[in-house]
Amino acid sequence: MDELFKGIADPLRREVLELLRKAPLNINQINDHFGHISRQAVSKHLQVLEDTGWIRIYQAGRERYGYLSKSAFYAFKEWVDSYLKWGEQSIENDHGVFLDDTAYKKGMPLTQPVMLQALLSKDRSFDGVFYTAVRTTGIFCKPSCSANPRPDNVIFYDNKEDAVKNGYRACKRCKP
């Protein structure tokens, strides 16, 4: 996977891929699109794209042609799809949290990562299971509350009573 990212790391190489998307081109045709850089620089970029698997170069008589390699695109798509499938249930909130179905099963002990994940994804299934208290405001909430505290300011409590004992008041938005 590192090789694939290396291949598309440079904007010029991504531009070459865009050119080759339309049709295979010979090296001179590719070079003509990049008048602002030397022929040798374009050749080096093409070599990197070939070495990383994004393109293939073939010889047809005296001409060398570049064309896209489907296998690189499918490998990249497979990698991206694994993240998108993993996060389908959290696509609504777009908090940058990918929920893992296997991370928590009802009855398991709650861990800091699980509670933080539930807080960031506003997961209603955790309401009543634990409560979040925000140090900077002195308020405690349900995990699904619309408030967006910074994760480093949050303390987790198993029940409302513990939060109240520690000096936090109930949130007026979510009314825990």
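Source: prediction; values computed, not measured.

*Asks:* Looking at this structure, I do not really get the overall build of the protein. What am I missing?
*Replies:* When you go through the protein residue by residue, the secondary structure sums to 7 helices and 7 strands. From first element to last, N terminus to C terminus, the protein shows the α and β order α-α-β-α-α-β-β-α-α-β-β-β-α-β. Counting all 176 residues of the protein, 35% fall into the buried class. Partitioning the contacts of the protein with sequence separation of at least 6, the portion at a separation of at least 24 is 48%. As displayed, the protein has an accessible area near 11300 Å², and 52% of this comes from carbon and sulfur atoms.

*Asks:* Where do I start with the side chain of Ser69 in this structure?
*Replies:* Relative to the helices and strands, Ser69 is located in the loop between β3 (63-68) and α5 (70-86). With residues near it in sequence (within four places) discarded, Ser69 still touches Gly53, Trp54, Ile55 and Arg56.

*Asks:* Before we go on, may I ask you to explain the sheet that holds strand β1 (residues 25-26) in this structure?
*Replies:* Strand pairs in the sheet, formed through backbone hydrogen bonds, run parallel or antiparallel to each other. Taken in spatial order, the 3 strands make up an open sheet running β1-β3-β2, and their pairing is antiparallel. Pairing within the sheet leaves two strands with one partner each, and these edge strands are β1 and β2 (55-60). The sheet contact formed by β2 and β3 spans 6 bridges and is antiparallel. From the neighbouring strand, Arg56 faces β3, where its bridge partner is Tyr67. Strands β1, β2 and β3 of the sheet are contacted by helix α2 (residues 11-22), whose axis makes an angle of about 95 degrees with β3.

*Asks:* Would you mind going over α2 with me for this structure?
*Replies:* Each α-helix turn comprises 3.6 residues. Residues three or four places apart therefore point the same way. For α2, built from 12 residues, the straight-helix expectation of 16 Å at 1.5 Å per residue is met to within 8% by its first-to-last C-alpha distance of 18 Å. Inspection of α2 places Leu12, Arg13, Val16, Leu17, Leu19 and Leu20 among the buried residues, and these make up the whole buried set. Around the axis of α2, the buried residues are gathered within 160 degrees of arc, so they sit on the same side. For α2, the exposed residues set more than 90 degrees away from the buried face come down to Arg21 and Lys22. Capping of α2 at its N-terminal end is provided by Asp10; its side-chain oxygen lies 2.8 Å from the backbone amide nitrogen of Leu12.

*Asks:* Can you help me understand the environment of Lys175 in this one?
*Replies:* Within the element layout of this structure, Lys175 appears in the segment after β7 (169-170). The spatial distance from the C-alpha of Lys175 to the C-alpha of Phe140 is 9.2 Å, given a sequence separation of 35 residues. Polar side-chain contacts of Lys175 include one of 3.1 Å to the backbone oxygen of Lys172.

*Asks:* Quick question: what am I supposed to make of a nonpolar patch on the surface here?
*Replies:* Taken together, the side chains of Met1, Phe5, Trp79 and Tyr83 present a nonpolar region at the surface, about 350 Å² in accessible area. Mapping Tyr83 onto the fold places it in helix α5.

About the cut-offs
- The numbering scheme is per chain: residues are counted from 1 as the chain's sequence reads.
- Only residues with pLDDT of 70 or above have their local features reported here, since the model is predicted, and side-chain atom pairs are shown and tallied only from 80 upward, although totals for entire chains, interfaces and linings are computed over all residues.
- Hydrogens are left out, water is left out, and the side-chain values use all remaining heavy atoms of the structure.
- By the criteria applied, helices consist of DSSP H or I runs no shorter than four residues and strands consist of E runs no shorter than two, each listed in order from the N terminus.
- A simple rule labels every residue: compare its accessible area, found with a 1.4 Å probe on the protein chains alone, to the largest value its type can have, and call it buried under 20%, exposed over 50%, or partly exposed in between.
- Contacts: residue pairs with any heavy atoms within 4.5 Å of one another.
- Only the protein chains shown count as cover for residues, with accessible areas throughout obtained via the Shrake-Rupley method and a probe of 1.4 Å.
- At least two DSSP bridges between two strands are required for those strands to pair.
- Here, axes are lines fitted to C-alpha atoms. For helices the fit covers the stretch in contact, and angles between N-to-C directions go from 0 to 180 degrees.
- One less than the number of residues in a helix, times 1.5 Å, gives the span that helix is expected to have.
- The directions from the helix axis to the C-beta atoms are what the arc is built from.
- In the analysis that follows, any N or O atom pair within 3.5 Å is treated as a polar contact, provided that within protein one partner can donate a hydrogen and the other can accept it, and provided that, for residues neighboring in sequence, both atoms belong to side chains.
- Like-charged residues are merged into a patch within 9 Å and nonpolar side chains (Val, Leu, Ile, Met, Phe, Trp, Tyr) within 5 Å, provided each residue has over 30% relative accessible area and no salt bridge.
- Any Lys or Arg side-chain nitrogen found within 4 Å of a carboxyl oxygen on Asp or Glu counts as a salt bridge.

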